[in-house]
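# Architecture and fold: a report
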Amino acid sequence: ADLDTLDIIVLGVILLGTIAYFTKGTLWGVVKDPYASSFAANVGTKPGRTRNFIEKMDETNKNCIVFYGSQTGTAEDYASRLAKEGKSRFGLNTMVADLEDYDYDNLDEFPADKIIMFVLATYGEGEPTDNAVEFYEHIRGDDVSFTNGSSLENLKYVAFGLGNNTYEHYNSVVRHVDETLTKLGGTRIGVAGEGDDGAGTMEEDFLAWKEPMWAALAESMGLEEREAIYEPTFAIVERDTLTAESEEVYLGEPNKNYLQGTPKGPYNAQNPYTAAVAESRELFNSKDRSCIHMEIDISGSNLTYQTGDHIAVWPSNAGNQVDLFLKALDLTDKRNDVISIKALEPTAKVPFPTPTTYDAIVRYHMEICAPVSRQMVSTLAPFSPTEKIKTEMTRLGSDKDYFHEKTGHSFYNIAQFLTVISEGATWDKIPFSAFVEGLNKLQPRYYSISSSSLVQPKKVAITAVVETQALPSQKAPFRGVATHFIAALADKQNNGAKSDEFDLSYQIGGPRARHTGTHLPVHIRHSNFKLPSDPSRPVIMVGPGTGVAPFRAFVQERAKQAQDGADVGKTLLFFGSRNAKEDYLYESEWAEYKKVLGDKFELVTAFSRDSAKKVYVQHRLKEKGEEVHELLQKKALFYVCGDAARMAREVNTTLAQIISEYRKVTPAKADEVVKSMRAANQYQEDVW
Ligand code: FAD
């Protein structure tokens, strides 16, 4: 067995820790040693990286695998919650798996006494998430076959989807996967759940789905429910010989290359590029709202982009929120203590590199500002500082209506919630592993690139509205994580004129303050939202608010093409905002593009608060119905970007009305036309 030094230290510390832990509290009842057994099994067995998940389950003695297809981390979070719950309530031997990590040709050999769970997000226009593409294509292929044929009659599965009802293809990935697996002979246990982000009920949909699912699964597999016992998936090991100054300690660096000060490409969703901010400026003319135009320099990297792509921004948390979190858990004095995190199961992945400090984990890796989830409250209840608080926590965790009555309007994040509930008592009994397991990983945020790669291939522009939301029951408003980080960078770059406005104290220089200028970790995500390859084709663009971002790039590109002598087709843009004085984005730039493009460029504006009657982009679109119709006859491409909830739908409806009116077809037929435009990529959406 190849015990390395750390393993030995860990093992020792864990055994001591466990004894201390279990003798201190009576919470667990049974004095069993979950660390020692599962950890001992782990040591020395370093399983090779197989792409055969059945083999992997056998090797690690699992009977339940929870696959996730996740883009923004929520599906991944739900998957690990299911795995934990399956283990603690039903004694299942669970593992969580990234769909991308395995092959599916042996799906027909999956044993009948085991279970697969799928947690699948639907992304964009009904597409699977990046990590689910191969699986999705494999099982849905025309001539799908498995090792022994094409029947999955042994396969038992459960399924939950994450979607948004404002999109046309609501939860289509889970629906298609479910339909396909059933058609191939598989048996679904319980119903295929659907969570709706559009209605804001994702979490409650998930909670409501899983109870009957567990009951059905318990019946099908003959499982017996027991009192849920918290069993950590990770061990927290204090590394007394290291300090925050030690060079092997991660202080927020995303990986080893960064730690050594020599970041290397390829840069992608696992490895961000820390780009210099070339320029940033305020676009609004308002005292209480802000929208930032930022130019990000990718010239030192091998990153490339195309007009219409997205850039992902990796934020870090505001210092005041980090402080609040550490204080609520009585960790303020230990914030710079060095810890390692060890997976107690061979299939669990430690979500960030260690050794590291509490401060770095909370600042760089945990989504601490999101509203607290009811399930988290339930998980933390046994660790309450007093019996009275425990009773309250248990009730909040199990009673949906009570939870919403108490917290619904406050949107407390985890630290605010714990602070309010405990009325001053500290939460020093919660194992830190509960947060490592139960809180989402801090997610990168996407922005539609607002520059043209033809004009500036190595400088990416974004147009970001700074999210601030007043909360009735709290003094301070909610402040968006990424957009305030961006705002703080912009402020630093422009000499801190606004720094007193909100004291959020970011680590602007990044881990170890390596950067003296302003830098932002990013990666690029390629999209299908693209201008026609033939510039003479007309384009119609609808982009109110920051939805105008990719269209600034489109118009910038068409102006450049015209300057270079191309025959550029009609470029019709609908832009809308509240009023012309405060939030008319890129007003002066449009005039410049107009000089180059002349009649080829037409900007139609809708300012909702400039007149008694509220005017939105869809109203202007309707007024311009005849021209829109004529451009479509000339094969114009139609683009919509921005608010998915209402605007994109209204625009779709309006376009169908225009088609019905001017082509003199029935509304039903017009709907069909729009659908086929979408299918042929003549109608493209970039909505969020
Ligand atoms: P977050 O912290 O993520 O919060 C987001 C929202 O959640 C808040 O506004 C609030 O309503 C709610 N919320 C979260 N926690 C709480 C809480 N505790 N209490 C109350 N409310 C809470 N945005 C742009 O500005 N420009 C773009 O060009 C753009 N393009 C995009 C393209 C794509 C493909 C996608 C998916 C999104 C795009 N977005 C764009 C949105 C962007 O990714 C971010 O979602 C947005 O900037 C907010 O990020 P944030 O971290 O500041 O807010």
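In the block above lies the structure referred to throughout.
Here is a short report on the structure shown in this document. Model, not experiment: these values are computed from the prediction.

## Some words on the sheet that holds strand 12 (residues 338–343)
Taken in spatial order, the three strands line up as 8-12-13 in an open sheet, and their pairing is antiparallel. A strand with exactly one partner marks an edge of an open sheet, and here the two such strands are strand 8 (234–238) and strand 13 (356–357). Alignment of strand 12 against strand 13, held across two bridges, turns out to be antiparallel. Of the residues in strand 13, the one forming a bridge with Val338 is Thr357.

## Brief notes about the nonpolar core
Residues Phe325, Met393, Leu418, Phe432 and Phe435 are the most contacted members of the largest nonpolar core, which totals 45 residues. Only helix 9 (319–328), strand 12, helix 10 (358–364), helix 11 (374–380), helix 12 (387–398), helix 13 (400–407), helix 14 (414–422) and helix 15 (433–438) provide two or more residues apiece to this core. No other element matches the five residues that helix 14 contributes to this core. If sequence neighbours within four positions are ignored, Phe435 has contacts with Phe325, Leu329, Met366, Met376, Leu380, Ile414, Leu418 and Ile430. Within the second largest apolar cluster, 33 residues are counted, among which are Ile296, Ile311, Ala487 and Val522.

## Focus on the sheet that holds strand 10 (residues 291–297)
Taken together, six strands build an open sheet; the order of strands is 14-11-18-9-10-15 and the sheet is antiparallel. Each edge of the open sheet is held by one strand with a lone partner, namely strand 14 (445–448) and strand 15 (459–465). Within this sheet the neighbouring strands show an average axis-to-axis angle of 40°, counted without direction.

## As for the site of the ligand
In the region of the ligand, 22 residues are neighbours, and Tyr446, Tyr447, Glu467, Ala482 and Thr483 sit closest. Thr463 places a polar main-chain atom, nitrogen or oxygen, 2.8 Å from a nitrogen atom of the ligand. A distance of 3.4 Å separates a nitrogen atom of the ligand from a polar side-chain atom of Trp688. Summarising the interface, the protein chains cover 80% of the accessible area of the ligand, which totals 960 Å² for the free molecule. Of all the secondary structure elements, the ones that give two or more residues to the shell around the ligand are strand 14, strand 15 and helix 16 (481–493). Ranked by the residues each element gives to the shell around the ligand, the list is headed by strand 14, at four residues. Classifying every residue of the shell around the ligand gives 13 nonpolar, seven polar and two charged.

## Here we look at the environment of Lys62
Topologically, Lys62 is positioned in the loop between helix 3 (53–59) and strand 1 (64–69). Between the C-alpha atoms of Lys62 and Ile115, which are 53 residues apart in sequence, the distance is 9.7 Å. With residues near it in sequence (within four places) discarded, Lys62 still touches Met57, Asn93, Thr94, Met95, Lys114, Glu345 and Thr347. Separated by 2.7 Å, the side chains of Lys62 and Glu345 make a polar contact.

## Let's talk about the pattern of salt bridges
Following the criterion strictly, the structure yields 43 salt bridges and no others. A salt bridge links Glu231 to Arg226, with the shortest nitrogen-to-oxygen separation between them at 3.8 Å. Of the charged contacts, one joins Glu238 and Lys334 as a salt bridge, the two residues approaching to 2.9 Å between their closest N and O atoms. Within this pair, whereas Glu238 is found in strand 8, its partner Lys334 is found in the loop between helix 9 and strand 12, the two being separated by 96 residues in sequence. On the basis of relative accessibility, which here comes to 38%, the residue Glu238 falls in the partly exposed class. Residue classification places Lys334 among the partly exposed residues on the basis of a relative accessible area of 28%. Shared partners join several salt bridges into a network, and the residues in it are Lys62, Lys87, Arg226, Glu231 and Glu345.

The rules we used
- Residues numbered from 1 in each chain as written.
- Predicted model: local features only at pLDDT ≥ 70, side-chain atom pairs only at ≥ 80, totals over all residues.
- Heavy atoms only, no water.
- Pairing = 2+ DSSP bridges.
- Helix = DSSP H or I, 4+ residues; strand = E, 2+ residues; numbered from the N terminus.
- Core = buried A, V, L, I, M, F, W, Y, C linked by side-chain atoms within 4.5 Å.
- Buried < 20%, exposed > 50% of the residue type's maximum accessible area, 1.4 Å probe, protein only.
- Contact = heavy atoms within 4.5 Å.
- Axes fitted to C-alpha atoms, helices over the stretch in contact; angles between N-to-C directions.
- Near = heavy atom within 4 Å.
- Polar contact = N/O pair within 3.5 Å; in protein donor to acceptor, adjacent residues only side chain to side chain.
- Areas by Shrake-Rupley, 256 points an atom, 1.4 Å probe, with all protein chains shown as cover.
- Nonpolar A, V, L, I, M, F, W, Y, C, P; charged D, E, K, R; others polar.
- Salt bridge = Lys/Arg side-chain N within 4 Å of Asp/Glu carboxyl O.

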